[in-house]
Amino acid sequence: MKIRKKLLLVSALFGVPTIVLTPIVLVSCGTSSNSDNYDNSDNISYDNQQSKVSDLIKNQKDELGNFKYTVNNNTNILIFSGYLYETIKSLDEVQNDLKVNLIETNSSFDSSKTKIYTANSYNSKEGFETFIKYATYGNVGSNLNLNVSDVIADSISLPEITTKLSVHTDAENNVTYISLTSKLSEGKIWEGNSANYSIDFSLVFTKY
């Protein structure tokens, strides 16, 4: 599969309780109350202790508990990768399309050839919808492509979701790579599947 093969190039660049028999403990209201509270907390499910956030990508589970889109078990990230062939966009075009102001950051690459621009708090619904329409995104780890109807663009602006946008350009200021990663705040879970994982999109522009 072409998307999966090209992804490899991108990745080279994310105790038993004690039983007390004394009658003193049995008549102690305080002890009985604490015990009841402890038991109740054990019975509260993990899901109910978390705050649910509206899905960015609808990723339902089947009757066996398997996600529709594969989440990487090692990184706890749902990854989508896309490619645009024979297409190049300038940094200005990307900023205009995605409705974002990017700031140049330090690069570990050769600075004469590669520039990196980022926005650490990306939340444009309109821009995100444009990004999704750029290309067909394959779900890394499966042969399933992202269904656009599973995208809930409104959620990109929720305060419980932090999204970082990163753009790499070459010496001629042509875009070669875009990364968009959305992460839930601590203690939050996705509404549709009661899970907590990050969602990562990568998009590569190629001349061939």
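Residues numbered from 1 in each chain as written. Predicted model: local features only at pLDDT ≥ 70, side-chain atom pairs only at ≥ 80, totals over all residues. Heavy atoms only, no water.

Draft legend 1. Representation of helix α5 (residues 91–98). Among the residues of α5, Leu91, Val94, Gln95, Asp97 and Leu98 are the ones counted as buried. Down the axis of α5, the smallest arc covering the buried residues is 165 degrees, so these residues share one side. Looking at the buried side of α5, the elements it contacts are β5 (115–119), α6 (125–134), β7 (161–169) and β8 (175–184). Backbone geometry just after α5 places Lys99 at a positive phi near 55 degrees. (Buried < 20%, exposed > 50% of the residue type's maximum accessible area, 1.4 Å probe, protein only. Helix = DSSP H or I, 4+ residues; strand = E, 2+ residues; numbered from the N terminus. Arc of directions from axis to C-beta. Contact = heavy atoms within 4.5 Å.)

Draft legend 2. Region of interest: the confidence of the model for the protein. Looking at the protein, the pLDDT average stands at 81 and 74% of residues meet or exceed 70. Considering each helix and strand of the protein separately, the mean pLDDT is smallest for helix α2 (residues 23–26), with a value of 36, and largest for strand β6 (residues 137–139), with 98. (pLDDT = per-residue confidence, 0-100.)

Draft legend 3. Molecular detail of the nonpolar core. Membership of the largest hydrophobic core comes to 40 residues, with the highest contact counts inside it found for Ile57, Phe128, Phe131, Ile178 and Phe201. Counting residues per element, the ones that place at least two in this core are β3 (77–85), α5, β5, α6, β7, β8 and β10 (198–206). Not counting residues up to four positions away in its chain, the partners in contact with Ile178 are Val94, Phe131, Tyr134, Leu165, Ser166, Val167, Phe201, Ser202, Leu203 and Phe205. (Core = buried A, V, L, I, M, F, W, Y, C linked by side-chain atoms within 4.5 Å.)

Draft legend 4. Just the packing of aromatic side chains, in detail. Applying the stated criterion across every chain yields a total of 11 aromatic pairs. An angle of 80 degrees between the planes, with centres 5.5 Å apart, marks the rings of Phe67 and Tyr197 as edge-to-face. Of this pair, Phe67 sits in the loop between β1 (51–53) and β2 (71–72) while Tyr197 is found in the loop between β9 (188–190) and β10, placing the two residues 130 residues apart along the sequence. Classification of Phe67 by relative accessible area gives partly exposed; the value is 27%. Judged by its relative accessible area of 2%, Tyr197 is buried. Between Phe80 and Phe201, the aromatic rings sit 5.2 Å apart at their centres with planes inclined by 25 degrees, giving stacked as the arrangement. Of the two residues, Phe80 is situated in strand β3 and Phe201 in strand β10; the sequence distance between them amounts to 121 residues. For the pair Phe80 and Phe201, one class covers both residues: buried. Grouping aromatic residues by their ring pairs yields a cluster made of Tyr69, Phe80, Phe128, Phe131, Tyr134, Tyr137, Phe201 and Phe205. (Phe/Tyr/Trp six-rings, centres within 6.5 Å; stacked < 30°, edge-to-face > 60°.)

Draft legend 5. Spatial organisation of the pattern of salt bridges. Evaluation of the coordinates by the stated rule reveals 5 salt bridges. Here Asp97 and Lys89 are joined by a salt bridge, their closest N and O atoms 3.1 Å apart. On the basis of relative accessibility, which here comes to 19%, the residue Lys89 falls in the buried class. The salt bridge partner of Asp154 is Lys125, with a shortest N-O separation of 2.9 Å. (Salt bridge = Lys/Arg side-chain N within 4 Å of Asp/Glu carboxyl O.)

Draft legend 6. Expanded view of unusual backbone geometry. The phi dihedral of Glu86 is positive, around 55 degrees, even though this residue is not glycine. Assignment of secondary structure puts Glu86 in the loop between β3 and α5. The class for Glu86 is exposed, based on a relative accessible area of 67%. In the Ramachandran plot, Lys99 falls in the positive-phi region, its phi being about 55 degrees despite a non-glycine side chain. With respect to the helices and strands, the residue Lys99 is situated in the loop between α5 and β4 (103–105). What makes Lys99 partly exposed here is its relative accessible area of 41%.

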